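Residue-level listing of the chains:
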Amino acid sequence: MANTIKAGEQERSGLPRHIAIILDGNGRWAKKRGLPRTAGHAVGAETFRKIATYCKNIGVEYLTVYAFSTENWKRPPEEVKTIMKLLKNYLQEAIDTMEKDKIKMKVLGDVDELSDELKEMVAHTNEISQRYEGFQANICLNYGGRAEIVKAAERYAADLAAGKVQPGLDEAGFASYLYSAGIPDPDLLIRPGGEKRLSNFLLWQCAYSEFYYTDVLWPDFSTAELDKAIAEFQSRDRRYGKVKNP
Ligand code: FPP
């Protein structure tokens, strides 16, 4: 796909407004090359950078990636440390260039368990983002879809008990309590790495997303592969439960 689609033309071009990606296959990519798993994560972080830039250039408005789940803490400590370091470096660079690059960055997940340093960076990134318009990258960090829904229910219950909201909740009202408040649902969900499951990612938000799976491992995921996923998305018939020609 040529880089000719400008932001705002998504409706006409059929470009997904929001793409979500489960970053998978870093470990296998490294193992195939006789490298430590952490080397796969380092290349995976570069792939994220490349794909985020491409999404922004072709006019995708939101890119959300699953970088670290609530279950990923069970990985070897060295691997967890490397992933956190990569995220820290990425957030630091983002903070330095967000204004220049016209990007917004948001971290979705339970940040309380992160290091104080990372917590501060997350808060800073989220705060700066509120000042900008434009492409938004969301990084799901210490994220779990079920936990997100439970937390949203707890927050709503607390607001109700405090008299901040009236009884009666609709879907849009509930969604405003999720980490993803204000972000449109993903149109296209991509999972590289060969698995065909959701793994507790954006359970609420993916209700009507189109799914695209590929055996390509995340570090090898290219802009051409993204074009393929987008082309397949454009060939899908999204009916949202309706009948097209009754
Ligand atoms: C899954 O691959 C990948 C992860 C759990 C970590 C993803 C994190 C990064 C790419 C670094 C984060 C940086 C940014 C900027 C988003 P896996 O290890 O489960 O692969 P495997 O299934 O082959 O073992």
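Up top you'll find the structure we're talking about.
Residues numbered from 1 in each chain as written. Predicted model: local features only at pLDDT ≥ 70, side-chain atom pairs only at ≥ 80, totals over all residues. Heavy atoms only, no water.

Engineer: Quick one: what's the story with the packing of helix α4 (residues 77-101) against helix α5 (residues 116-129), residue by residue and with numbers?
Structural biologist: Their axes nearest at 10 Å, the elements α4 and α5 cross at an angle of 30°. Crossing geometry of α4 relative to α5 is assigned as left-handed. Where α4 approaches α5, its residues M84, K88, L91, Q92, I95 and M98 are matched on the opposing element by E117, L118, M121, V122, H124, T125, I128 and S129. Looking at the contact of α4 with α5 residue by residue, the classes come out as 8 nonpolar, 4 polar and 2 charged. (Axes fitted to C-alpha atoms, helices over the stretch in contact; angles between N-to-C directions. Helix = DSSP H or I, 4+ residues; strand = E, 2+ residues; numbered from the N terminus. Left-handed = near helix turned anticlockwise from the far one by under 90°. Contact = heavy atoms within 4.5 Å. Nonpolar A, V, L, I, M, F, W, Y, C, P; charged D, E, K, R; others polar.)

Engineer: I'd like a rundown of the pattern of salt bridges, residues and numbers included.
Structural biologist: Under the counting rule described, the total for this entry stands at 17 salt bridges. As a salt-bridge pair, R191 and D24 come within 3.0 Å of each other at their nearest N and O atoms. In this pair, R191 sits in strand β5 (residues 188-191) while D24 sits in the loop between β1 (18-22) and α2 (26-32), placing the two residues 167 residues apart along the sequence. Considered together, R191 and D24 belong to a single accessibility category, that of buried residues. Linking R236 and E232 is a salt bridge whose minimum nitrogen-to-oxygen distance equals 2.6 Å. (Salt bridge = Lys/Arg side-chain N within 4 Å of Asp/Glu carboxyl O. Buried < 20%, exposed > 50% of the residue type's maximum accessible area, 1.4 Å probe, protein only.)

Engineer: Could you give an account of the state of the cysteines, with specific residues and numbers?
Structural biologist: Applying the stated criterion to the full structure yields 0 disulfides. Looking at C55, it has no disulfide partner, and the nearest cysteine sulfur is the one in C140, 14 Å off. In this model C140 remains outside any disulfide bridge; the closest cysteine sulfur is found in C206, 9.7 Å from its own. (Disulfide = S-S within 2.5 Å.)

Engineer: Give a description of the nonpolar core that names residues and reports values.
Structural biologist: If you look at the biggest cluster of nonpolar residues, it comprises 45 residues, and the most contacted ones within it are I19, F48, L63, M105, I190 and L226. Sort the elements by how many residues they give to this core and α4 lands first, with 9 residues. Membership of the second largest hydrophobic core comes to 13 residues, among which are L108, Y143, Y179 and L202. (Core = buried A, V, L, I, M, F, W, Y, C linked by side-chain atoms within 4.5 Å.)

Engineer: Which residues make up the site of the ligand, and what values go with them?
Structural biologist: Near the ligand, the surroundings consist of 17 residues, among which L23, D24, R28, R37 and R75 are the closest. Within the contact set of the ligand, an oxygen atom lies 3.1 Å away from a backbone nitrogen or oxygen of G27. Within the side chain of R75, one N or O atom sits 2.8 Å away from an oxygen atom of the ligand. Considered on its own, the ligand offers 630 Å² of accessible surface; in the complex 93% of this is hidden by protein. If you list the elements that add at least two residues to the shell around the ligand, you get α2, α3 (37-58) and α4. If one sorts the elements of the shell around the ligand by residue count, α3 sits on top with 5 residues. A per-class count over the shell around the ligand returns 7 nonpolar, 6 polar and 4 charged. (Near = heavy atom within 4 Å. Polar contact = N/O pair within 3.5 Å; in protein donor to acceptor, adjacent residues only side chain to side chain. Areas by Shrake-Rupley, 256 points an atom, 1.4 Å probe, with all protein chains shown as cover.)

Engineer: Got a sec to walk through the sheet that holds β5? Specific residues and values, please.
Structural biologist: An order of β3-β4-β2-β1-β5-β6 is seen for the 6 strands of this open sheet, with the pairing classed as parallel. One side of each edge strand has no neighbouring strand; the edge strands of this open sheet are β3 (103-108) and β6 (210-213). Adjacent strand axes in the sheet meet at a mean angle of 20°, parallel and antiparallel pairs treated alike. Where β3 lies against strand β4 (residues 135-143), 6 bridges are found, and the strand directions are parallel. If you follow M105 over to β4, its bridge partner there is A137. (Pairing = 2+ DSSP bridges.)

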